Amino acid sequence: MCKRQLLSIIGLLFARQLSAQQVQDSKDSLVLSNAQAKVVVNHASGKVSYYFQNGVQLQNTTAYVEDVYAGYLGTADFSSHTATTDVVQGTLGKGISLRLVHADDKQPLSLIQHIILYENQPFLLISVEAISGKAAKALPETRNISPLSVSAAQKGRVTIPGTEPRILDVPFDNDNWVKVLAQSWPADAAKPVRGISYEFASLYDNNTFAGLVTGSITHDFWKTGITYKTDAEKGVLDTFNIYGGAATEDNKALPAAYGGLDGTHDHTLHGTMQGETVYSPVIYLAATEDTRKDFVGYGKVNVLQAGRLDWQGYAPFYWNSFGVEGVLGYEKVMMPPGVAKISDFIYTLNNFNKYAKPVLSIDSYDQSIYTTDLLASLGKYGKKKNQQLGFYFIPFAVWTWKNSMDQTKLNGTEVLLRDVVLKDKNHQPIAYKDGDWGAFAIDPTHPAVREYIIGQLKKAKAINASFIKIDFLTAGSLESTTRYDKHVRTGMQAYDQGMRMLKGLVDSIMGPDIFITMAISPMFPHQYAHTRFVSTDVYSHLRDDQPGFPGWGSTESSLASGSHLWWMQGTLWPYTNLDVAIMKHFQKNPDLTEQEIKVRLYAMMVMGSILGDGSDFRDKIAAERAQRYLNNPEICAFFSQPKVFTPQRMADGETLDQQLSFYLKSDTAMLAAFNFATQKDFKETFNIKDIGLDNTHAYTITDLLTGRSLGQVTRGQASISLTVPVKDALLVKLVPVHD
């Protein structure tokens, strides 16, 4: 089954030419190679080593399965290692599929590794499966299986070239304002850096971006973990383990990004796979001179494996109520009458109205206040102003009182919550967001949950919504000791089934042209929405350490993470979503400066985000700023068809003094530089050829917002330098000068 999964991806289409592949078999080893990589199989030990042209090495790797009955079995534990190769041919071109069988009559299982090395591609695909052996007493069953494991015990070693090696460590979801980490090797070798990245990771040199990108491309059963530990030698890891079966509890005693809140938030063990054959996730492995290109390739492979949603026409522009009135609306800050005033004001923004019909999105509302009839009336009001209505709901969690499980029915059904909530290792309801009033995870496979979602979508249909925001989706991926559908064995399998069901219901109840944005959610599976939040809610202040503001949700924190996740736009989704801009203040937070507003909008632009705003336009200052920023013709034209910029300088470490730069190749190229430092100006240099320009032409450097000329690029000029003051950003267009 695993091999069939691998071969199903041979229809991928990329364009990089490598020299012909070679297979060399000798007494000691079997070697597969092309111009990009060399795979060496040791006949005696069964260990596999990977050597890449850019200098990355993974030596003495093994694969393993931890069987529920037989225990841990690694490929080095077997006495026989048999390697065979097959030629595969498809639209990718020619490839070699390596089948490496590890067997032993004394062992209850055999392991079979699959490695595909392509002639035309810069990546390999690898996996492993376990099958019953002669000594088997039960079918294989596992919750921990790895196609690639590097350990000091097996003399394994990962080497990353370069003087500034980094480890990219990614949280499982975008909740809790947890950072994406770009970790350095420790100054004290006695204190190694260790951690778990989820679904994908990267090892790279911060100066050149050469390195390794790896991650799962199958997301319908396993949660994939990537554990690592640095060696005493800089640029070397002695532990690097990619496995299916990651399930980690939050540990509030630890920092958020180091085991505190960055994991899968599970309350019990990962479910098991059982059968004649059990198989790992399929893993993408690429190591070239530019990990940015490898990440784009990783996104494309995921799309070609699972598909994605596309969007016809202009990207949506939307206004969201959460920045004004917060959750539910019970504070009566906005309430229904205020929405009509917002609608009136948006109608006056001619450029904001020039492209897609603006969306009025009512967020996190109390259904006793914003009833179906009331929302429908707001929709009718907005329709007169050429506006659409958005709808918010939570598919896989219910906010309720902790002691109400036995008395409260799931909304729109006759089923008690106790019968649909997921259960922890003690068989108690899982509080996805704990508290006396908390969010409890519900089972995506339960018919009552389907009935509840149908009821929500019928409400969205009744108010004529065309835009849906779905939130707290991670709850549906949690592992559980009970589940309605007994054939569904893991949280990810349930979540994938639930999201597929949700998208099918949206299509059948509301129609296919409904825009879906995911808020708090795992990154994968990706194919059921048009966009996803890059980070948790963004409040638009510049830095997390600003007095009077929350210590999270700043533009800096969202863009620092986004600088490593930019490749998602245009691959996994047609757009990203960096949440809304704010023209004055977010809820009860202090007022923003106009400089902060500009930096915020520029951050959204470089991420290829859709344009949203969460301001109270009844306020005179907010309205005046909206005319300058949200109604700016250049801003609106860009967001009508947003494109992601490529990072030239990504976030490094955890300092808030990040200095980031990006470029967009196009007929009219754009450059952006962000200086979140408070003491030091940022001077960035862009190479003309790197940003896709012809240095035989001249260009005018034009400030995007004002249209003011900032200088010229003359013919033959090799580079462009931009200087950004502290706590500021610059975004310019390079307009060709015609003779």
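Here the structure is a predicted model, which means the values were calculated and not measured.

Peer 1: Whenever I open this one, the nonpolar core confuses me. Can you help?
Peer 2: Generally speaking, soluble globular proteins have nonpolar side chains that are buried together. Among the nonpolar cores identified, the biggest contains 160 residues, and Ile453, Leu457 and Phe674 are the most heavily contacted of them. Among all residues touching Leu457, those that are not within four sequence positions of it are Phe393, Ile468, Leu502, Leu505, Val506, Ile509 and Met510. Core analysis: the second largest hydrophobic core is formed by 35 residues, Leu32, Ile96, Leu100 and Leu117 among them.

Peer 1: Honestly, the pattern of salt bridges in this entry has me stumped. Any pointers?
Peer 2: Opposite charge on two side chains permits pairing when their charged atoms draw close. Inspection of every chain in the model, using the stated rule, returns 30 salt bridges. Between Arg308 and Asp310 there is a salt bridge, with the nearest N and O atoms lying 2.7 Å from each other. Note on Arg308: relative accessible area 27%, which makes it partly exposed. On the basis of relative accessible area, Asp310 is assigned to the partly exposed category, the value being 45%. Here Glu634 ties to Lys733 by a salt bridge, and the two come within 2.9 Å at their closest N and O atoms. On the criterion of sequence distance, the pair formed by Glu634 in helix 11 (residues 633-640) and Lys733 in strand 40 (residues 728-736) is long-range, its members being 99 residues apart. Assessed through its relative accessible area of 16%, Lys733 is described here as buried. Linked through salt bridges whose partners overlap, the residues forming this network are Glu164, Arg166 and Asp652.

Peer 1: I'm lost on the packing of helix 8 (residues 555-565) against helix 9 (residues 594-606) in this one. Help?
Peer 2: Two numbers describe a pair of packed helices, the interaxial angle and the distance between the axes. At their nearest, the axes of helix 8 and helix 9 sit 10 Å apart, and the two run at 15° to each other. One element, helix 8, and the other, helix 9, form an angle in the roughly parallel class. Here the hand of the crossing between helix 8 and helix 9 comes out left-handed. Here Thr555, Ser558 and Leu559 of helix 8 come into contact with helix 9, specifically with Val599, Arg600, Ala603 and Val606. Looking at the contact of helix 8 with helix 9 residue by residue, the class counts come to four nonpolar, two polar and one charged.

Peer 1: Please explain the sheet that holds strand 34 (residues 659-664) as it appears in this structure.
Peer 2: Within a sheet, each strand pairs with its neighbour through backbone hydrogen bonds, oriented either parallel or antiparallel. Pairing is antiparallel in the open sheet, where six strands are placed in the order 33-34-35-40-37-38. With one partner strand each, in any of the chains shown, strand 33 (646-649) and strand 38 (709-713) form the two edges of the open sheet. Between one strand axis and the next, the sheet turns through 25° on average, direction left out of account. Bridge count between strand 34 and strand 35 (residues 669-675): six bridges; the pairing is antiparallel. What sits directly across from Ser661, in strand 35, is Ala673. Strand contacts of helix 9: strand 34, strand 35, strand 37 (699-703) and strand 40, with the helix running at about 55° to strand 40, the strand carrying the most contacts.

Peer 1: Would you mind going over helix 2 (residues 291-306) with me for this structure?
Peer 2: Residue pairs three or four apart in sequence face the same way in an α-helix, which turns once every 3.6 residues. Taking 1.5 Å of rise per residue, 16 residues should cover 22 Å, and helix 2 covers 22 Å from first to last C-alpha, within 8% of that figure. Every buried residue of helix 2 is listed here: Thr291, Arg292, Asp294, Phe295, Gly297, Tyr298, Gly299, Val301, Asn302 and Val303. At the exit of helix 2 stands Gly307, carrying a positive phi of roughly 85°.

Peer 1: Looking at this structure, how should I read the packing of aromatic side chains?
Peer 2: To describe a pair of aromatic rings, you give the distance between the ring centres and the angle between the ring planes. Following the criterion strictly, the structure yields 35 aromatic pairs and no others. Relative to Tyr495, the ring of Phe396 has its centre 6.2 Å away and its plane inclined at 80°; by these criteria the two rings are edge-to-face. With Phe396 in the loop between strand 25 (388-393) and strand 26 (397-401) and Tyr495 in helix 7 (residues 491-509), this pair connects stretches of sequence that are 99 residues apart. The exposure classification of Phe396 matches that of Tyr495, with both residues buried. Between Phe638 and Phe639, the ring centres sit 5.7 Å apart and the planes meet at 90°, which makes this aromatic pair edge-to-face. Judged by its relative accessible area of 0%, Phe639 is buried. Three or more aromatic residues link up through ring pairs in this structure, and these residues are Tyr118, Phe123, Phe200, Tyr284, Phe295, Tyr298, Phe524 and Trp567. The ring of Tyr51 carries Lys38 above its face, with NZ or CZ at 5.5 Å from the centroid. The ring of Tyr432 has Lys433 sitting right over it, with the charged end atom 5.1 Å from the ring centre.

Peer 1: Which parts of the structure should I look at to understand the side chain of Ser343?
Peer 2: Note on placement: Ser343 falls in helix 4 (residues 335-346). A residue is classified by how much of its surface remains accessible, and Ser343, at 1% relative accessible area, is buried. For Ser343, the contacting residues outside a window of four places in its chain are Leu360, Tyr381, Gly382, Lys385 and Gln387.

Peer 1: Mind showing me how you'd approach the side chain of Gln658 here?
Peer 2: Its location among the elements puts Gln658 in the loop between strand 33 and strand 34. Of the residues examined, Gln658 reaches a relative accessible area of 5% and is grouped as buried. In terms of polar contacts, Gln658 uses its side chain to reach the backbone carbonyl oxygen of Asp652, at 3.0 Å. Engagement of the side chain of Gln658 in a polar contact is seen with the backbone oxygen of Thr655, the distance being 3.0 Å.

Peer 1: Teacher, can you tell me more about unusual backbone geometry here?
Peer 2: For residues besides glycine, phi is generally negative; the peptide bonds are generally trans as well. With omega at -5°, the peptide bond leading from Phe524 into Pro525 counts as cis. Inspection of the secondary structure puts Pro525 in the loop between strand 30 (515-518) and strand 31 (531-532). Positioned with a positive phi, Asn60 is a non-glycine residue whose angle comes to about 55°. With respect to the helices and strands, the residue Asn60 is situated in strand 5 (residues 57-67). Here Gln587, not a glycine, exhibits a phi torsion of approximately 50°, which is positive. As for its position among the elements, Gln587 is in the loop between helix 8 and helix 9.

Peer 1: How should I be thinking about the environment of Thr264 in this particular structure?
Peer 2: Among the structural elements, Thr264 can be located in the loop between strand 19 (236-244) and strand 20 (273-274). Its relative accessible area of 0% is what places Thr264 among the buried residues. Each C-alpha atom of the pair Thr264 and Tyr495 lies 13 Å from the other, and the pair is 231 residues apart in sequence. Residues contacting Thr264, with those up to four places away along its chain left out, are Phe172, Tyr198, Lys223, Ala246, Ala247, Thr248 and Leu478. Within the local environment of Thr264, its side chain forms a polar contact with the backbone nitrogen of Thr248, the two atoms lying 2.8 Å apart. A distance of 2.6 Å separates a polar atom in the side chain of Thr264 from a polar atom in the side chain of Asp266.

Reading guide: rules and limits
- Residues numbered from 1 in each chain as written.
- Predicted model: local features only at pLDDT ≥ 70, side-chain atom pairs only at ≥ 80, totals over all residues.
- Heavy atoms only, no water.
- Core = buried A, V, L, I, M, F, W, Y, C linked by side-chain atoms within 4.5 Å.
- Buried < 20%, exposed > 50% of the residue type's maximum accessible area, 1.4 Å probe, protein only.
- Contact = heavy atoms within 4.5 Å.
- Salt bridge = Lys/Arg side-chain N within 4 Å of Asp/Glu carboxyl O.
- Helix = DSSP H or I, 4+ residues; strand = E, 2+ residues; numbered from the N terminus.
- Axes fitted to C-alpha atoms, helices over the stretch in contact; angles between N-to-C directions.
- Parallel < 35°, antiparallel > 145°, perpendicular 65-115°, else oblique.
- Left-handed = near helix turned anticlockwise from the far one by under 90°.
- Nonpolar A, V, L, I, M, F, W, Y, C, P; charged D, E, K, R; others polar.
- Pairing = 2+ DSSP bridges.
- Expected span 1.5 Å × (residues − 1).
- Phe/Tyr/Trp six-rings, centres within 6.5 Å; stacked < 30°, edge-to-face > 60°.
- Lys NZ or Arg CZ within 6 Å of the ring centre and 35° of its normal.
- Polar contact = N/O pair within 3.5 Å; in protein donor to acceptor, adjacent residues only side chain to side chain.

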